[in-house]
Amino acid sequence: MSVIRKSSLDILSVGKWILRRDCRLLSAVPEKVEVAEKAQEEIEKLSGRKRRFNNPVLEYRHVYPEFLPDPNPKWRNSLREKMERADMLKRRSQIDIPEFYVGSILAVTISDPHAQGKTNRFVGICIERKGCGLRAEFILRNVVDHQGVEVKYELYDPTIQSIQVLRLEKRLDDKLYYLRDALPEYCTFPQDMDPEMLPEGTPVPLNPVQVKLKPKPWLERWERQDLKGVSNIEEHLKEKDRVRRELRKTPWEKYDLMKQYRKTIPAEDQTEIWSEVYNQLQQMRVSRKKLSRKRLFTTPKPQLG
Amino acid sequence: MNQADVTKLVSKLRIKVPDQHRRLRSPKGPEGRLDKLRKTVTGLIKFERIELNHHRADEARQYAERLISEAILHGDCHKPTMEIADYWLLEKELLHKLFKVLVPRFENSNTAFTKMYKAPKASSGRNIDKAILELRGNPYPLLTNKHSNNRYLLQNVLLDAAKYEYRQAKYAEMADKIGKNEEISQPKSDDVAKSKPINEV
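Since we're looking at a predicted model, the values are computed, not measured.

Asker: Looking at this model, I keep getting lost on the side chain of Thr271(A). Mind explaining?
Answerer: All names here are of chain A. In this structure, Thr271 sits in helix H7 (residues 267-297). Within the structure, the side chain of Thr271 is placed 2.5 Å from the backbone oxygen of Ala267, a separation counted as a polar contact. Setting aside chain neighbours within four positions, we find Thr271 in contact with Asn55, Val57 and Leu58.

Right, here's the structure in full:
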């Protein structure tokens, strides 16, 4: 398994450069730096943003979206949600459920009583993440022997043995259902793909790829959905499709404040939820990083015979 | 089951939000419903107290609270917030009022920004619930009249007199009691000290 990993020397050299830059600033022009800082503070005071949600725990809403409950008030139950979160953390302490987004390539091994070796491994691109709590699911898509295959897994399924992220990246859209009508080259990934490691601390890369669709018939009317990851929708449209698309547009929906409110959990409630789980999740992340570093640094055992 | 939308952070509303939106019939459908609510919200921000039907008032109240909370959260330098305020406020002077007058007024408050009262219904005609929707801190006199503490109202005058008479009777009773105790145990002067102090009725 080839492993691409930035050496620690590179990081140190970058650190040296930053230190040298700072020393130069401090010695050469100290007054200007102070004035700039004061001006920034004044600007912040004038804008008077007392109500900004600056809490760092809120960043986890992108990484672990299934911890937030369904916003529909019919299905809200604070006790059940608390118990669910405790169960989710318990499961996460048993198996590493990594951070991934729609568009990342994952390899999932589940225990299958009818398979050879009792395990079954599937590699695919995540096209959807849905559900909340213990019922959180994701769908992996791949093209195997010229046949498109999609498998739906539950994140907290106890029969899952491991979830490995082979390529961690985001895409331009939230759901990638259009890959079903796209050319197969955009969904084929080898089953024995190697994991691509990112240097620590880098933000999750955004893949701006624009996918080409096959000619019609399509499974859905992709032209009516606001898709940013598709390149050639206009080529496949007739005049009728364009006219109907204009008639069907609802430009007032993006100003519908209560619709947005009912679809999400308010920030005050989110802060409560994340402050419950943040510490444990943070500890798990740190310990996983340490374990992975330990594995990479083990010396090869001497081969006998 | 749907995952909550995490792209936007919203502040919690401090009013009771019903589970579903009211449809508010209009010939244009959903667009017409938002147009009606736009007019109501513009009127509320302009006049700070309006009288209208209950259902429309309740819906508009939610949207007005959302608009003000977005303005407080992001301020006027934030482009999407400016666009939203531009859509909701049909008169463009009210944009200035929202960001320069209402935001400083409500920035530090812990309560809702609007109040809704039930208004008297028309005596003849349709049986429609009426409501009055107003912004807190408006310059008009209060709608609720709490006269219970006004000492010059007749009921309070009579009650005060009745309380005074009762108290006087009680004092007289206690004075009689003390006198009797003194008669029974003449030499002892401790009884006077031991007798209970007169309590205010």
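Read on for the rest.
Asker: Help me understand the environment of Ile128(B), please; the structure alone is not making it clear to me.
Answerer: Residues and elements named next belong to chain B. By secondary structure assignment, the location of Ile128 is in the loop between strand S2 (114-119) and strand S3 (130-135). For Ile128, a relative accessible area of 31% translates into the label partly exposed. For the pair Ile128 and Leu102, spaced 26 residues apart in sequence, the C-alpha separation works out to 31 Å. If near-sequence neighbours (up to four positions away) are discounted, Ile128 is found in contact with Asn53 and Lys121.

Asker: How should I be thinking about the interface of chain B and chain A in this particular structure?
Answerer: Quoted interface sizes are often the accessible area lost when the parts come together. At the junction of the two partners, chain B supplies 38 residues and chain A supplies 36 residues. Our count for the chain B to chain A interface comes out at two salt bridges. In this structure, Asp269(A) engages Lys12(B) in a salt bridge whose closest nitrogen and oxygen atoms are separated by 3.4 Å. Summed over the shared surface of chain B and chain A, the number is 17 residue pairs in polar contact (both at pLDDT 80 or more). No other element matches the seven residues that helix H2 (residues 54-74) of chain B contributes to the side of chain B that touches chain A. For the side of chain B that touches chain A, the per-class residue count stands at 19 nonpolar, nine polar and 10 charged.

Asker: Looking at this model, I keep getting lost on the sheet that holds strand S1 (residues 49-53) of chain B. Mind explaining?
Answerer: Strand-to-strand pairing in sheets goes through backbone hydrogen bonds, with the strands running parallel or antiparallel. Residue and element names in this part refer to chain B. Taken together, the three strands give an open sheet; going across it, the order is S1-S3-S2, and neighbouring strands pair in antiparallel fashion. Since the sheet does not close on itself, it has two edges, and those belong to S1 and S2, each with one partner. Adjacent strand axes in the sheet meet at a mean angle of 25°, parallel and antiparallel pairs treated alike. Looking at chain direction, S1 and S3 are connected through five bridges and run antiparallel.

Asker: Any chance you could explain the sheet that holds strand S1 (residues 105-111) of chain A here in plain terms?
Answerer: Residue and element names in this part refer to chain A. Spatially, five strands are ordered S4-S3-S2-S1-S5 in an open sheet, and the strand pairing comes out antiparallel. Strands at the two margins of the open sheet, each flanked by one partner only, are strand S4 (147-154) and strand S5 (160-167). Going across the sheet, the axis of each strand differs from the next one's by a mean of 35°, ignoring polarity. Here eight bridges tie strand S3 (residues 137-144) to S4, and the two strands are oriented antiparallel to one another. Paired with Val144 across the bridge in S4 is Gln147.

Asker: I keep staring at the packing of aromatic side chains and nothing clicks. Help me out?
Answerer: One pair of aromatic rings is described through two measures. These are the centre distance and the angle between the planes. The final tally for this structure, using the stated rule, is 10 aromatic pairs over all chains. Taken together, a centroid distance of 6.0 Å and an interplanar angle of 50° make the contact between Phe67(A) and Trp274(A) tilted. On the criterion of sequence distance, the pair formed by Phe67(A) in the loop between helix H3 (60-63) and helix H4 (78-94) and Trp274(A) in helix H7 is long-range, its members being 207 residues apart. We note that Phe67(A), like Trp274(A), is buried. Judged by centre distance (4.2 Å) and plane angle (15°), the rings of Tyr255(A) and Tyr87(B) are stacked. Of this pair, Tyr255(A) sits in the loop between helix H5 (239-248) and helix H6 (257-263) while Tyr87(B) sits in helix H3 (residues 79-88), on two different chains. Judged by its relative accessible area of 16%, Tyr255(A) is buried. Of the aromatic side chains, those joined through ring pairs into one cluster are Tyr60(A), Tyr64(A), Phe67(A), Trp274(A) and Tyr278(A). One Lys or Arg, Lys170(A), reaches over the ring of Tyr101(A) and ends 4.8 Å from the middle of that ring.

Asker: Would you mind showing me how to read the confidence of the model for chain A here?
Answerer: Parts of the prediction with low pLDDT should not have their coordinates interpreted in detail. Put simply, chain A has an average pLDDT of 86, and 80% of its residues get 70 or more. Throughout residues 1-9 of chain A the model reports pLDDT below 50, and contacts reaching past four residues in sequence, or to other chains, amount to nine contacts.

Asker: Can you walk me through unusual backbone geometry in this structure?
Answerer: Most peptide bonds adopt trans geometry, and most residues besides glycine take a negative phi value. Cis rather than trans, the peptide bond between Lys216(A) and Pro217(A) has omega equal to 15°. Note on placement: Pro217(A) falls in the loop between S5 and H5. Positive phi outside glycine occurs at Lys118(A), with the angle close to 60°. Residue placement: Lys118(A) occurs in the loop between S1 and strand S2 (119-130). On the accessibility criterion, Lys118(A) (52% relative accessible area) is exposed. Positive phi is not limited to glycine here, since Leu24(B) has a value of about 45°. Following the sequence through the fold, Leu24(B) ends up in the segment before helix H1 (30-47).

Criteria and thresholds
Residues numbered from 1 in each chain as written. Chains lettered and ligands numbered in written order. Predicted model: local features only at pLDDT ≥ 70, side-chain atom pairs only at ≥ 80, totals over all residues. Heavy atoms only, no water. Helix = DSSP H or I, 4+ residues; strand = E, 2+ residues; numbered from the N terminus. Polar contact = N/O pair within 3.5 Å; in protein donor to acceptor, adjacent residues only side chain to side chain. Contact = heavy atoms within 4.5 Å. Buried < 20%, exposed > 50% of the residue type's maximum accessible area, 1.4 Å probe, protein only. Salt bridge = Lys/Arg side-chain N within 4 Å of Asp/Glu carboxyl O. Nonpolar A, V, L, I, M, F, W, Y, C, P; charged D, E, K, R; others polar. Pairing = 2+ DSSP bridges. Axes fitted to C-alpha atoms, helices over the stretch in contact; angles between N-to-C directions. Phe/Tyr/Trp six-rings, centres within 6.5 Å; stacked < 30°, edge-to-face > 60°. Lys NZ or Arg CZ within 6 Å of the ring centre and 35° of its normal. pLDDT = per-residue confidence, 0-100.

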